[in-house]
Amino acid sequence: MEEHRAFVAKRTSCPLSRAKRGGRGKRRREGDCMHREPLIMVCTCEMSGRVRGKGFPARDVAARMAAGVGWVPTNAMINAFSKIPATPFGTGGDLILVPDPKTEVKVDFGDGSANEHFFLGDIRQLDGTPWECCPRDFARRALAALKETAGVELYSAFEHELVYTGVGSMPGEPYSLDAYRRQGSFGEHFMAALKAAGAEPETFLPEYGARQYEFTVRPALGLASADRAVVAREMARATAHRMGHRAIFSPILDPNGVGNGVHVHFSFRDEHGGSATHDPSDAFGLSKIARHFAAGVLHHMPALCAITAPSAVSYIRLRPNRWAPTIADMKQQDRGAAIRICPVIPGPDVARQFNLEFRVADSAASPWLALGALVWAGVDGLKRKLDLGSEGPPLPATMAAALDALDASAEAKQWMGPVFHNAYLIHKRGELAGLEGLDEKAQCDLYAETY
Ligand code: GLU
Ligand code: MG
């Protein structure tokens, strides 16, 4: 009876039921005034690059911060198409996915829909130690190795391109005010969501491709930058979803079009927070740390691609005339290079502005895996004091070739550990096998449904 009374009281105070009486003119939807138990989700972003997790009642959050939610090793093997073609883990094993309190996202879109309330988490063994295939731990270990090797932290920002389905394509759209206008209020709702999620939005613009937009967020130190990328993609999807559309991050939607890149801008900060990236006396303006790091990235590029550009269609994007890289090179202010040395505006803070841009990534990659792979490769360059050579080799032409390079890389096997390295190869090779017989357009269509 008490419960029933509460239900009635809630109904009569609901603004939407006032609307039904003609008060506010809002359309009433079924279920709007029913009881709600707020939920929170804890999520990871594993090899498939999809954000997956489990939800629980918000009132249990304190207990869940410690115990997490149950997770299964083979979840990591669910590929982009929701299939598990093969798994080294079988049906056994138990893990926990434990929320990191620093990553809480709680965004109320103000439209009556459930809040976007989630944490990002770490996958751990039941005893609390990191699981060897935890993507976030892969990045965390790489960043720790960077600090140990060179005494610096990575300061980075992921720049994203996406296709918004809420606009039609028309000639003349690149960078146009008209394309900017025709996306309606998506951009503003999205920026508000990013801000509410703590992702510090910086820019939003119509890009070159059909229905393509780009956004940037402020850089962050260490792991927080990859966390921010995971959140930012979800905020774009969450906003578009509420508007009845989609934000598609797939690496390329049309084999004859341009791709959706992810460009990771990075620089180094020393222990006092000062920039450790720039040296005006160097031909490229690079500090020793930046030079060895970049040389390591270029050296490991073929294997790296398998992690940072990890889908079949990623290699349709990485072709000539798409403003996307095709060889393992570094160039000053060149958007065709694998690593671009970004321009600085003359002034007192040149050293702080100075940054490099890794352009070989896309949104099929988990940001933690992409950042981790980039940093591991750079750390190897630092350890071996590698220097920049002449122009590097071509990037792998296919995902299969990139996987062969990853397979053959003893260093990558070391960074990932043998279990993760093996699982990664099985995961991605299984995904490729499922695409056999499909032409490029059909492959693009499939990936567009996922990402
Ligand atoms: N869309 C291009 C890519 O796939 C990048 C264009 C740009 O320079 O922003 O990476
Ligand atoms: Mg762009």
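Residues numbered from 1 in each chain as written. Chains lettered and ligands numbered in written order. Predicted model: local features only at pLDDT ≥ 70, side-chain atom pairs only at ≥ 80, totals over all residues. Heavy atoms only, no water.

### A word on the overall build of the chain
- Helix and strand content of the chain: 16 helices and 15 strands.
- Counting only C-alpha atoms and orienting by the principal axes, one finds that the chain spans roughly 75 × 55 × 55 Å.
- Relative to its 451 residues, the chain shows a buried fraction of 53%.
- Within the chain, counting contacts between residues at least 6 apart in sequence, those at least 24 apart form 69% of the total.
- Summed over all atoms, the accessible surface of the chain reaches about 19,900 Å², with 53% contributed by carbon and sulfur.
- Of the side-chain charges in the chain, 53 are positive and 52 negative, and the distance between the mean point of each set is 7 Å. (Helix = DSSP H or I, 4+ residues; strand = E, 2+ residues; numbered from the N terminus. Buried < 20%, exposed > 50% of the residue type's maximum accessible area, 1.4 Å probe, protein only. Contact = heavy atoms within 4.5 Å. Areas by Shrake-Rupley, 256 points an atom, 1.4 Å probe, with all protein chains shown as cover. Lys, Arg positive; Asp, Glu negative; His and termini not counted. Charge placed at Lys NZ, Arg CZ, Asp CG, Glu CD.)

### A closer look at the side chain of Glu431
- Counting through the fold element by element, Glu431 comes out in helix H15 (residues 418–433).
- One buried charged side chain, Glu431, makes no salt bridge at all; its nearest oppositely charged neighbour is Lys428, positioned 4.4 Å away.
- Glu431 has contacts with Asn79, Ala80, Phe81, Pro85, Pro310 and Tyr447, leaving out every residue within four places of it along the chain. (Salt bridge = Lys/Arg side-chain N within 4 Å of Asp/Glu carboxyl O.)

### A closer look at helix H13 (residues 399–408)
- Residues Met399, Ala402, Leu403 and Leu406 constitute the buried set of H13. Looking straight down H13, one finds its buried side chains confined to an arc of 100°; they lie on one side. (Arc of directions from axis to C-beta.)

### Regarding the environment of Gly336
- Mapped onto the fold, Gly336 is located in the loop between strand E13 (330–332) and strand E14 (339–341).
- Judged by its relative accessible area of 31%, Gly336 falls in the partly exposed class.
- C-alpha separation for the pair Gly336 and Gln353, spaced 17 residues apart in sequence, amounts to 21 Å.

### Let's talk about the pairing of strand E1 (residues 39–45)
- Counting buried residues in E1 gives 5 out of 7 residues, a clear majority hidden from the surface.
- Examined bridge by bridge, E1 and strand E2 (residues 51–57) share 7 bridges and lie antiparallel to one another. Within E2, the position partnered with Thr44 by the bridge is Arg52.
- Adjacent in sequence and paired antiparallel, E1 and E2 are bridged by 5 residues, among which Gly49 carries a positive phi angle near 75°. (Pairing = 2+ DSSP bridges.)

### Quick look at the nonpolar core
- Counting residues in hydrophobic clusters, the biggest one holds 117 residues, and the most contacted among them are Phe215, Met235, Phe268, Phe293, Met301 and Phe358.
- Filtering out sequence-adjacent residues up to four positions away, Phe215 remains in contact with Glu159, His160, Leu162, Phe190, Met191, Leu194, Thr203, Phe204, Ala232 and Phe249. (Core = buried A, V, L, I, M, F, W, Y, C linked by side-chain atoms within 4.5 Å.)

### Let's talk about the site of ligand 1
- Surrounding ligand 1, one finds Glu161, Glu207, Glu214, Gly259, Gly261, His263, Arg317, Arg322, Trp323, Arg335 and Arg359.
- Here Gly259 contributes a backbone N or O atom positioned 3.0 Å from a nitrogen atom of ligand 1.
- A distance of 2.7 Å separates an oxygen atom of ligand 1 from a polar side-chain atom of Arg317.
- For ligand 1, the protein covers 93% of the area, taking 300 Å² as the surface of the free molecule.
- Along the lines of polarity and charge, the residues of the shell around ligand 1 split into 1 nonpolar, 3 polar and 7 charged. (Near = heavy atom within 4 Å. Polar contact = N/O pair within 3.5 Å; in protein donor to acceptor, adjacent residues only side chain to side chain. Nonpolar A, V, L, I, M, F, W, Y, C, P; charged D, E, K, R; others polar.)

### Comments concerning the packing of aromatic side chains
- Applying the stated criterion across every chain yields a total of 15 aromatic pairs.
- Following the ring pairs from residue to residue traces out a cluster consisting of Tyr164, Tyr180, Phe186, Phe190, Phe204, Tyr213, Phe215 and Phe249.
- Above the plane of the ring of Phe109 lies Arg242, whose end atom (NZ or CZ) is 4.1 Å from the centre.
- Directly above the aromatic system of Tyr155 lies the positively charged group of Arg269, at a separation of 3.9 Å from the ring centroid. (Phe/Tyr/Trp six-rings, centres within 6.5 Å; stacked < 30°, edge-to-face > 60°. Lys NZ or Arg CZ within 6 Å of the ring centre and 35° of its normal.)

### Notes on the confidence of the model for the chain
- Of the residues in the chain, 93% have a pLDDT of 70 or more, and the chain-wide mean is 92.
- Low pLDDT, under 50, characterises residues 1–23; the predicted model gives this stretch 23 contacts beyond four residues in sequence or across chains. (pLDDT = per-residue confidence, 0-100.)

### Considerations on helix H4 (residues 135–150)
- Its 16 residues place the ends of H4 23 Å apart at the C-alpha level, agreeing with the 22 Å of an ideal helix rising 1.5 Å per residue.
- Considered for burial, the residues of H4 that qualify are Pro135, Arg136, Asp137, Phe138, Ala139, Ala142, Leu143, Ala145 and Leu146.
- Of the residues trailing H4, Gly151 is marked for its positive phi of about 70°. (Expected span 1.5 Å × (residues − 1).)

### Thoughts on the pattern of salt bridges
- This structure, assessed with the given rule, holds 27 salt bridges.
- Here Glu116 ties to Arg242 by a salt bridge, and the two come within 2.9 Å at their closest N and O atoms. Of the two residues, Glu116 sits in strand E6 (residues 116–124) while Arg242 sits in helix H7 (residues 223–242), which places them 126 residues apart along the sequence.
- The exposure class of Arg242 is partly exposed, given its relative accessible area of 22%.
- For Asp137, the salt bridge is made with Arg141, and the minimal N-O distance between the two is 3.3 Å. With Asp137 and Arg141 both in helix H4 and 4 residues apart, this pair spans about one turn of that helix.
- Classification of Asp137 by relative accessible area gives buried; the value is 9%.

### Points about the packing of helix H8 (residues 288–299) against helix H9 (residues 301–308)
- Interhelical geometry of H8 versus H9 gives an angle of 80° and a closest axis separation of 6 Å. In terms of their interaxial angle, H8 and H9 are classed as roughly perpendicular. Of the residues in H9, those in contact with Val297, Leu298 and His299 of H8 are Met301, Pro302 and Leu304.
- Among the residues forming the contact of H8 with H9, the class breakdown is 5 nonpolar, 1 polar and no charged. (Axes fitted to C-alpha atoms, helices over the stretch in contact; angles between N-to-C directions. Parallel < 35°, antiparallel > 145°, perpendicular 65-115°, else oblique.)

### Structural notes on unusual backbone geometry
- Despite not being glycine, Glu200 shows a phi value in the positive range, around 50°.
- Taking relative accessible area as the criterion, Glu200 reaches 37% and is therefore assigned partly exposed.
- Residues other than glycine seldom take positive phi values, yet Trp323 does so here, at roughly 60°.
- Residue position: Trp323 is located in the loop between helix H10 (314–317) and E13.

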